[in-house]
Amino acid sequence: MAQQLPPLYDQLEVETDRYIPLEHITYGGEDPHSHILHPDNEEEAEKLVGNDYPYIDHSFYYKFWNFLYYLQSRTLINFLQYFRYGFRLKGKENIKKNKHLFKNGAMTVCNHVFRWDMSGVFTAIGWRQLRFPIWRGQMAGADARRMHTMGGIPIPASVSDMKKFYEALDYYHEKGYWLHFFAEESRWEFYTPIRPFKKGAFNFAHRLNIPIIPMAYSYRERTGFLKWFGKEACVTLNVGEPILPDPNITDNRAQIDDMRRRCHEAMVKLAGIKKNPWEYNQTEK
């Protein structure tokens, strides 16, 4: 029986040196932003991520575990991710040679395609600290403590709690932390196309006047001794040139949309995709 392909794969074309995994793909259907993980106690997560949630956490507990997890992600995880996912990094020089652009901070944007994808971003940026929005449903899962103490800031359900969420991102930016956004919003396992982007990341980048560093995972077939450590495809994180606002665009909304479009185009190219079935703003047309 032929394997059913994910939506729009019949319209996907990649460069000859890129691999399209057709196994171990988990995707959410026709809505490119839908979540594939649904915790049993999601209602509890809704309650946890409320008015009393420490969006800015000054506790000793948080600082201690934040230090340990960052140390782990840049030492042990760097070692393990090579064997677990055959991790490779390309284009890190695009961060090093443009460090003069990052005096006011920066934002990284990446496709969200496997459980350890955030660790690859940490590897790319070195020892810089990151803060990043996360889906509130993760606060009811097994990775809740890890996500919180590594810098994850859950997006609240209520409009009234959003003020604290925004204040937290502004606070950490002022302290010199970089920001990271998964602009596709949700994780689809080993999905090849770059999905449409939400506006949020680009609104932040524009308001804070920080460059965007596009990153994209591509895949390789698992071969040799790496077959001993897993069955999924191997991954390569490709880092692109920073994206800055176009000074010729004076309208703020148009400038934000232009940055979103250019970031999407850059990530499509970084992933080695010749024909991507999703447009950058497809869900908003």
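Throughout what follows, the structure given in this document is the object of discussion. Not measured: the values here are computed from a predicted model.

**Regarding the sheet that holds strand β5 (residues 152-155)**
Move 1: With mixed pairing, seven strands are arranged side by side in an open sheet as β2-β8-β7-β3-β6-β4-β5. Each of the sheet's edge strands pairs with one partner strand only, and the pair in question is β2 (88-90) and β5. Between one strand axis and the next, the sheet turns by 25 degrees as a mean value, whatever way the strands run.
Move 2: The pairing of strand β3 (residues 107-110) with strand β6 (residues 178-181) spans three bridges and is parallel. Across the sheet, residue M107 finds its bridge partner in β6, namely L179.
Move 3: Helix α7 (residues 159-174) contacts β4 (130-135), β5 and β6 of the sheet and is inclined by roughly 155 degrees relative to β5.

**Topic: unusual backbone geometry**
Move 1: In this model, L8 sits at a positive phi of 70 degrees, which is unusual for a non-glycine residue.
Move 2: For L8, the location among the structural elements is in the segment before β1 (13-14).

**Examining the packing of aromatic side chains**
Move 1: Evaluated as defined, the whole model comprises 28 aromatic pairs.
Move 2: Pairing Y70 with F122 gives two aromatic rings, centres 5.1 Å apart and planes at 55 degrees, and the pair type is tilted. Here Y70, found in helix α2 (residues 60-74), pairs with F122, found in helix α5 (residues 117-125); they are 52 residues apart in sequence, far enough to count as distant.
Move 3: Taking relative accessible area as the criterion, Y70 reaches 4% and is therefore assigned buried.
Move 4: An aromatic cluster is built from Y85, F114, W116, F190, Y217 and Y219, whose rings are joined through pairwise contacts.
Move 5: Of note, R84 hangs over the ring of Y85, and the distance from its end group to the ring centre comes to 4.5 Å.
Move 6: When the ring centre of W65 is taken as origin, the NZ or CZ atom of R145, which lies over that ring, is 4.2 Å away.

**Considerations on a nonpolar patch on the surface**
Move 1: On the surface, F60, F64, F67, L68, L71 and W127 cluster together to form a nonpolar patch covering roughly 680 Å² of accessible area.
Move 2: Note on W127: relative accessible area 60%, which makes it exposed.

**A closer look at the side chain of D117**
Move 1: Tracing the chain through its elements places D117 in helix α5.
Move 2: There is no salt bridge for the buried D117, and the closest opposite charge comes from R187, which lies 5.8 Å off by N-O distance.
Move 3: Among the polar contacts made by the side chain of D117, one reaches the side chain of H112 at a distance of 2.7 Å.
Move 4: Apart from residues lying up to four places away in sequence, D117 is in contact with N111, H112, F182 and Y217.

**As for the pattern of salt bridges**
Move 1: With the rule as written, the count across this model stands at 13 salt bridges.
Move 2: Here K199 and E284 are joined by a salt bridge, their closest N and O atoms 3.9 Å apart. Highlighted residues: K199 in the loop between β6 and α8 (200-208) and E284 in the segment after β9 (273-275), separated in sequence by 85 residues.
Move 3: Given the relative accessible area of 44%, K199 is considered partly exposed.
Move 4: With relative accessibility at 36%, the residue E284 sits in the partly exposed group.
Move 5: Each of K199, D257, R260 and E284 takes part in a single network of salt bridges with overlapping partners.

**Observations concerning the state of the cysteines**
Move 1: Counted according to the given criterion, the structure contains zero disulfides.
Move 2: No disulfide involves C263; its nearest neighbouring cysteine sulfur is the one of C110, lying 9.7 Å away.
Move 3: Owing to a relative accessible area of 0%, C263 belongs among the buried residues under this scheme.

**Overview of the environment of I25**
Move 1: Checked against the element boundaries, I25 lands in the loop between β1 and α1 (42-48).
Move 2: Considered as a pair, I25 and L5 are 20 residues apart in the sequence and their alpha carbons are 9.2 Å apart.
Move 3: Not counting residues up to four positions away in its chain, the partners in contact with I25 are P6, Y9, E189, F190 and Y191.

**Some remarks on the packing of helix α3 (residues 76-85) against α5**
Move 1: The geometry of α3 relative to α5 is characterised by a closest axis approach of 10 Å and an angle of 120 degrees between their N-to-C directions. It follows that α3 is oblique to α5 by the angle criterion. When the axes of α3 and α5 are compared, the crossing they make is left-handed. For the pair formed by α3 and α5, the contact residues are I77, N78 and Q81 on the first element and S119, G120 and T123 on the second.
Move 2: Looking at the contact of α3 with α5 residue by residue, the classes come out as one nonpolar, five polar and no charged.

**Structural notes on the environment of L169**
Move 1: Relative to the helices and strands, L169 is located in helix α7.
Move 2: Given the relative accessible area of 0%, L169 is considered buried.
Move 3: In the structure, L169 is positioned 10 residues away from L179 in sequence and 7.8 Å away in space, judged by C-alpha atoms.
Move 4: Ignoring any residue separated from it by four or fewer positions in sequence, one finds L169 in contact with P133, I153, L179, F181 and F204.

Parameters and conventions
- Residues numbered from 1 in each chain as written.
- Predicted model: local features only at pLDDT ≥ 70, side-chain atom pairs only at ≥ 80, totals over all residues.
- Heavy atoms only, no water.
- Pairing = 2+ DSSP bridges.
- Helix = DSSP H or I, 4+ residues; strand = E, 2+ residues; numbered from the N terminus.
- Axes fitted to C-alpha atoms, helices over the stretch in contact; angles between N-to-C directions.
- Contact = heavy atoms within 4.5 Å.
- Phe/Tyr/Trp six-rings, centres within 6.5 Å; stacked < 30°, edge-to-face > 60°.
- Buried < 20%, exposed > 50% of the residue type's maximum accessible area, 1.4 Å probe, protein only.
- Lys NZ or Arg CZ within 6 Å of the ring centre and 35° of its normal.
- Patch = residues over 30% accessible without salt bridge, like charges linked within 9 Å, V, L, I, M, F, W, Y side chains within 5 Å.
- Areas by Shrake-Rupley, 256 points an atom, 1.4 Å probe, with all protein chains shown as cover.
- Salt bridge = Lys/Arg side-chain N within 4 Å of Asp/Glu carboxyl O.
- Lys, Arg positive; Asp, Glu negative; His and termini not counted.
- Polar contact = N/O pair within 3.5 Å; in protein donor to acceptor, adjacent residues only side chain to side chain.
- Disulfide = S-S within 2.5 Å.
- Parallel < 35°, antiparallel > 145°, perpendicular 65-115°, else oblique.
- Left-handed = near helix turned anticlockwise from the far one by under 90°.
- Nonpolar A, V, L, I, M, F, W, Y, C, P; charged D, E, K, R; others polar.

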